[in-house]
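# Secondary and tertiary structure notes
Read off the chains here:
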There are 2 protein chains.
Amino acid sequence: MTALLPADLDTELAALLGDGWRTDANERLTYGYDNSRRHAMPDAVALPRTREQVVGLVRACRRHRVPVVARGRGTNTTGAAVPVAGGVVVSFERMERIVDIRPGDRCAIVEPGVLNGDLQSALAPHGLFWPPDPTSAAFSTVGGNLACNAGGPRAVKYGASRDNVLALTAVTGAGELITCGTATTKGATGFDLQRLLVGSEGTLALIVEATLRLTPAPPARRAVRAIYRDVASAAAAVARLMAQPVTPSMLEFMDHHAVRLARDVGGADLPVDAGALLMIEADGDAHALAHDVDALRRAATGDGLVSLDDAPDEAARAKLWAARKALSPALRTLAPGKINEDVVVPVSRIPALVDGVQTIAREADLPIVTFGHAGNGNLHVNILYDPADASQHERAHAALPKVFALAISLGGTLSGEHGIGLAKRDFIPHAIDAPTLALMRALKATFDPDAILNPGKLLPPA
Amino acid sequence: MTALLPADLDTELAALLGDGWRTDANERLTYGYDNSRRHAMPDAVALPRTREQVVGLVRACRRHRVPVVARGRGTNTTGAAVPVAGGVVVSFERMERIVDIRPGDRCAIVEPGVLNGDLQSALAPHGLFWPPDPTSAAFSTVGGNLACNAGGPRAVKYGASRDNVLALTAVTGAGELITCGTATTKGATGFDLQRLLVGSEGTLALIVEATLRLTPAPPARRAVRAIYRDVASAAAAVARLMAQPVTPSMLEFMDHHAVRLARDVGGADLPVDAGALLMIEADGDAHALAHDVDALRRAATGDGLVSLDDAPDEAARAKLWAARKALSPALRTLAPGKINEDVVVPVSRIPALVDGVQTIAREADLPIVTFGHAGNGNLHVNILYDPADASQHERAHAALPKVFALAISLGGTLSGEHGIGLAKRDFIPHAIDAPTLALMRALKATFDPDAILNPGKLLPPA
């Protein structure tokens, strides 16, 4: 029992959800955060087991105009899962069944609460995988991945979440159960609602079942580490790599700050004249792989290349990846505070982005370290500062809109894979023009006429 | 001057469009058909040169509640371009510029009227291509391909139109110019409107510019022709082919009727015990190709295989494809009338589809020939009949809903690549459930509040 919700709604939902209805303050507390480190207290937490319960819950909340906030495991970084307007958090942790795996159809049907990592484990014996591989994969849900259009390093070859969904069943803000798409890899029948729902951050509908497009797992992979004199040389190599037919399965970039940090702080084995680094991977079967790695080595070779190492086995591969892995701990030693945003630009504009970010860093008098998924032009820009230092705090947060403005001016946008949530919501009018934003608001109202789904997220207040 | 439109609208649009405004009956006549062989007379034809003209035209037509029907080159097979409610046909033949090709970003920016084939020619020197390859590619437009989510044989490896678009600029039925997406291969910023517009058949907005995702052109290809004892053996091979890591660049199927026709009528060199046929292609560079073809040959091999031939060069390849090419002329000799629909089912259900179609054929006492894009489960079902024979005509058209019901019962849907238009519109309620269809109607009203865009298409009357 809680005094925060209308008493009859509380009664109705307690009856509907049984032990999946929680109003105890201690329990609600843990459902109020996400990995953005924001927190807001929900009025109740629902743990549905069936789509029918989700329909009943949304309809009941709609009658009372009570917010409904879908939640996977809260790994997103933008505040998208934080119930800033209170209401009911719907955690899908009890809807975590893998309903079906159909290897011949290259698809799997899952409930939204299944963990990405658990799904991959279940797919492995079939020689299949689901491409999205966010850093959080071991402990983030497929529903959350879909809600945020999660990506990861593999997206350069295999696409992000939106590219790997065939069909969705979902409950709109009107409480209607809709079925979008079919379990087929082609379709030209009606409007494509499933890809519209992907990345909509729970503002249009709650996904209750997903039919995922699977890919045959490559039996082997090989990594190449390319070190360049400077960022421009590395960026030119990225363009060459993406213009030839062998698409790398990963193409990760580290700017000169990231390289220096990995070496000087993280202890990675990197030469002093390393001004930028690319980690390039190919995957496939063993025979084709040797040839593909040759093609990637040729494309990586050019003006400004300092060294090119490849890894014949998994141990050597791990050694090459050590520089990248050393980076995150090194970042933490440099400054206690970090704003990490994941802007995206056309691949050819990576040098302009990195240069522009360094200009912003000089103006802010703060280190900004850039690394990430170069093959998609999706770079993580890390503004480092001490939150206890008021001036640094202010300069860091003043630098952020400049980074966004820079990405937009280069033909890119605010986010490649993290999404918008609360963190970037107020920058949306800079990225999306007024008529298009007005249409998005109208679409939101079509799916969710009483604006109960995840209020305050993704779209700024009108 | 025409009496069919309000005089002040005619005057306004004549001033806006200059020599791109046509009201002469002879000229209008040629814009009233499409490849469905349906015809309806438009009241006027607009040939805009700029997006501003399109905005002005839609706003003016909206004020007068006059229909606006977008048109590429009218190659679609569903009646989607036929102006059944009259109004203004907007032909994009004068908006046919390739605005930019950016090889490093793997994208091209084009106006909607550019022909698919002309785009491919312009991309070839850059070593790139745009994947959609409908049969009509030489004379269909990119805008039309996007409006219908056109596919083709290559879609099994490279996706259909929806999978190969990054951003769209479009004019909604409200006359608003919207910009959806960015020229980046990843994005998590707002709702994905661009993929919603693809396949919407001009019912939501008119595309005035497209940023297309390009793929590096494989330097070589090789074909394998696999002949099976029966359809079930061929279908089992399709499932094996799609479950291993080397994705074929084409995977085309012909059922026993199609094989027999190609041999007995088309003169193709095929053994008498051929009960089904697969044309399998791999592409890539020459070195990897030999290995990939080996992998595909292994996957194609299994119970019921009669013969397996591959083509070391283009001449041999053409010889292998001869059976497929002989099919269409052979179909025409068999019966003067043909209903060709392109249902799609999960790959594993191909045998059930082909079997079920033959049951329908027996009941109708008409030949039905099935062939098409097996790797996507997207099969073209051809009901052959004599339109001059009233009984055959009736039986043929009575068989069609049974084919659709069969595809839907197998977890598939009405169309994989042709779209809905008029031809399949009234079957939509069988493929899309009532709440989802209601939402699609509401979305349509959000984009096009006065229902002026391509009225009567895709969605059945409420």
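In what follows, the accompanying structure is described. (Residues numbered from 1 in each chain as written. Chains lettered and ligands numbered in written order. Predicted model: local features only at pLDDT ≥ 70, side-chain atom pairs only at ≥ 80, totals over all residues. Heavy atoms only, no water.)

A few words on the packing of helix α8 (residues 231-242) of chain B against helix α12 (residues 350-364) of chain B. Residues and elements named next belong to chain B. Close contact between α8 and α12 brings their axes to 9 Å; oriented N to C, the two are set at 150°. Put simply, α8 runs roughly antiparallel to α12. When you trace α8 past α12, the crossing you get is right-handed. Across from V231, A235 and V238 in α8, the residues of α12 making contact are I350, P351 and V354. A breakdown of the residues in the contact of α8 with α12 according to their chemical character gives six nonpolar, no polar and no charged. (Axes fitted to C-alpha atoms, helices over the stretch in contact; angles between N-to-C directions. Helix = DSSP H or I, 4+ residues; strand = E, 2+ residues; numbered from the N terminus. Parallel < 35°, antiparallel > 145°, perpendicular 65-115°, else oblique. Left-handed = near helix turned anticlockwise from the far one by under 90°. Contact = heavy atoms within 4.5 Å. Nonpolar A, V, L, I, M, F, W, Y, C, P; charged D, E, K, R; others polar.)

Once that is clear, we can look at helix α10 (residues 286-300) of chain B. In this model, α10 of chain B (15 residues) spans 21 Å end to end at C-alpha, consistent with the 21 Å of a helix rising 1.5 Å per residue. Within the sequence span of α10 of chain B, burial applies to A288, L289, H291, D292, V293, A295, L296, A299 and A300 of chain B. As for α10 of chain B, its buried residues are in contact with α10 (286-300) of chain A together with β12 (220-228), α8, β14 (276-284) and β15 (305-310) of chain B. (Expected span 1.5 Å × (residues − 1). Buried < 20%, exposed > 50% of the residue type's maximum accessible area, 1.4 Å probe, protein only.)

Placing chain A over chain B gives an RMSD of 0.0 Å and needs a rotation angle of 180°, together with 0.0 Å of translation along the axis. Expressed as a symmetry operation, the mapping of one chain copy onto the other fits a two-fold axis. When C-alpha positions in chain A are compared against the rotation axis, the closest is assigned to A288 of chain A, at 2.8 Å. Residue by residue, 100% of the interface of chain A is reproduced at the interface of chain B, so both copies engage with the same surface. (Least-squares fit on C-alpha atoms with pLDDT ≥ 70 in both.)

So, on to the nonpolar core. The biggest cluster of nonpolar side chains holds 178 residues, and the ones touching the most others in it are L146 and L278 of chain A together with L146 and L278 of chain B. Contact partners of L146 of chain A, with chain neighbours within four places excluded, come to W130, S161, V165, L168, L197, V198, G199, I207, A210 and L212 of chain A. (Core = buried A, V, L, I, M, F, W, Y, C linked by side-chain atoms within 4.5 Å.)

Attention now moves to unusual backbone geometry. All names here are of chain A. With a phi angle near 50°, R106 is a residue other than glycine that sits in the positive phi range. Tracing the sequence through the fold places R106 in the loop between β5 (98-102) and β6 (107-110). Look at R106 and you get buried, because its relative accessible area is 11%. Here D365, not a glycine, exhibits a phi torsion of approximately 55°, which is positive. In this structure, D365 sits in the loop between α12 (350-364) and β17 (368-373). The exposed category is assigned to D365, whose relative accessible area is 61%.

The next subject is the sheet that holds strand β1 (residues 21-22) of chain B. All names here are of chain B. Spatial ordering of the open sheet is given by β1-β2-β4-β3, a layout of four strands whose pairing is mixed. Strand pairing shows two members of the sheet lacking a second neighbour, β1 and β3 (68-71), which therefore form its edges. In this sheet, strand β4 (residues 88-91) lies alongside β3 in parallel orientation, the contact comprising four bridges. Bridge pairing in β4 places R71 opposite S91. (Pairing = 2+ DSSP bridges.)

Within the secondary structure, D133 of chain B sits in the loop between β7 (128-129) and α5 (142-148). If near-sequence neighbours (up to four positions away) are discounted, D133 of chain B is found in contact with G151, G152, P153, R154, A155 and M250 of chain B.

This brings us to the sheet that holds strand β10 (residues 205-213) of chain B. Pairing is antiparallel across the open sheet formed by five strands, whose spatial order is β5-β6-β10-β8-β9 (chain B). This sheet does not close on itself; its edge strands, each paired only once, are β5 (98-102) and β9 (177-181) of chain B. Strand-to-strand, the axes of this sheet are offset by a mean angle of 15°, without reference to chain direction. Pairing analysis gives seven bridges linking strand β8 (residues 165-172) of chain B to β10 of chain B, with the strands arranged antiparallel. In the sheet register, T169 of chain B faces β10 of chain B, and the bridge partner there is E209 of chain B. The strands touched by helix α15 (residues 434-447) of chain A within the sheet are β8 and β9 of chain B, with β9 of chain B carrying the most contacts at an inclination of about 75°.

Residue and element names in this part refer to chain B. Here β8 runs beside β9; their pairing, made up of five bridges, is antiparallel. Looking across to β9, one finds that A170 is bridged to I178. Counting the residues between successive antiparallel strands, the hairpin from β8 to β9 contains four residues, one of them, G175, with a positive phi of roughly 80°.

The next point concerns the pattern of salt bridges. All names here are of chain A. Scanning all chains against the criterion turns up 56 salt bridges over all chains. The partner of R63 in a salt bridge is E12, and the shortest N-O contact between them spans 2.7 Å. One end of the pair, R63, is in helix α3 (residues 51-64); the other, E12, is in helix α1 (residues 7-17), with 51 residues separating them in the sequence. Because the salt bridges share partners, they merge into one network encompassing R221, E281, E314 and R317. (Salt bridge = Lys/Arg side-chain N within 4 Å of Asp/Glu carboxyl O.)

Time to look at the packing of aromatic side chains. The final tally for this structure, using the stated rule, is four aromatic pairs over all chains. Consider the rings of F404 of chain B and F427 of chain B, whose centres lie 4.7 Å apart with planes at 55°: the pair is tilted. In this pair, F404 of chain B sits in helix α13 (residues 390-409) while F427 of chain B sits in the loop between α13 and α14 (428-431), placing the two residues 23 residues apart along the sequence. Like F404 of chain B, the residue F427 of chain B is buried in the burial classification. Its guanidinium or amino end placed over the ring of Y33 of chain A, R71 of chain A lies 4.8 Å from that ring's centre, counting from NZ or CZ. (Phe/Tyr/Trp six-rings, centres within 6.5 Å; stacked < 30°, edge-to-face > 60°. Lys NZ or Arg CZ within 6 Å of the ring centre and 35° of its normal.)

All names here are of chain B. Two elements in contact, α8 and α10, have axes whose closest approach is 8 Å; the angle formed by their N-to-C orientations is 140°. Taken as axis vectors, α8 and α10 run oblique relative to one another. The interaxial crossing formed by α8 with α10 has right-handed handedness. In this structure, α8 contributes A237, R240 and L241 to the contact, and α10 contributes L296, A299 and A300. Here the residues of the contact of α8 with α10 are counted per class, giving five nonpolar, no polar and one charged.

Our focus in this paragraph is the interface of chain A and chain B. Taken together, the contacts link 82 residues of chain A with 82 residues of chain B. Summed over both sides, the interface between chain A and chain B buries roughly 6,300 Å², with carbon and sulfur atoms accounting for 60% of that surface. Ranking the residues of chain A by area buried against chain B places K186, T189 and F191 of chain A at the top, with a combined share of 14%. Counting across the interface, chain A meets chain B through four salt bridges. Where R162 of chain A meets D192 of chain B, a salt bridge forms, and the shortest distance between an N and an O atom there is 3.1 Å. Joining chain A to chain B, the criterion identifies 34 residue pairs in polar contact (both at pLDDT 80 or more). (Buried area = accessible area lost by both parts, 1.4 Å probe. Polar contact = N/O pair within 3.5 Å; in protein donor to acceptor, adjacent residues only side chain to side chain.)

Attention now goes to the environment of Q120 of chain A. Residues and elements named next belong to chain A. With respect to the secondary-structure elements, Q120 resides in helix α4 (residues 116-123). C-alpha of Q120 to C-alpha of T436: the two residues are 316 residues apart in sequence and 37 Å apart in space. With sequence-adjacent residues up to four places away left out, Q120 is seen in contact with F129, W130, P132 and R154.

Residue and element names in this part refer to chain A. The set of residues buried in α1 consists of L9, D10, L13 and L17. All buried residues of α1 lie within an arc of 100° about the axis, which places them on one face of the element. Within α1, the exposed residues directed more than 90 degrees away from the buried face are T11 and A15. Against the buried residues of α1 lie β1 (21-22), β2 (44-46) and α3. (Arc of directions from axis to C-beta.)

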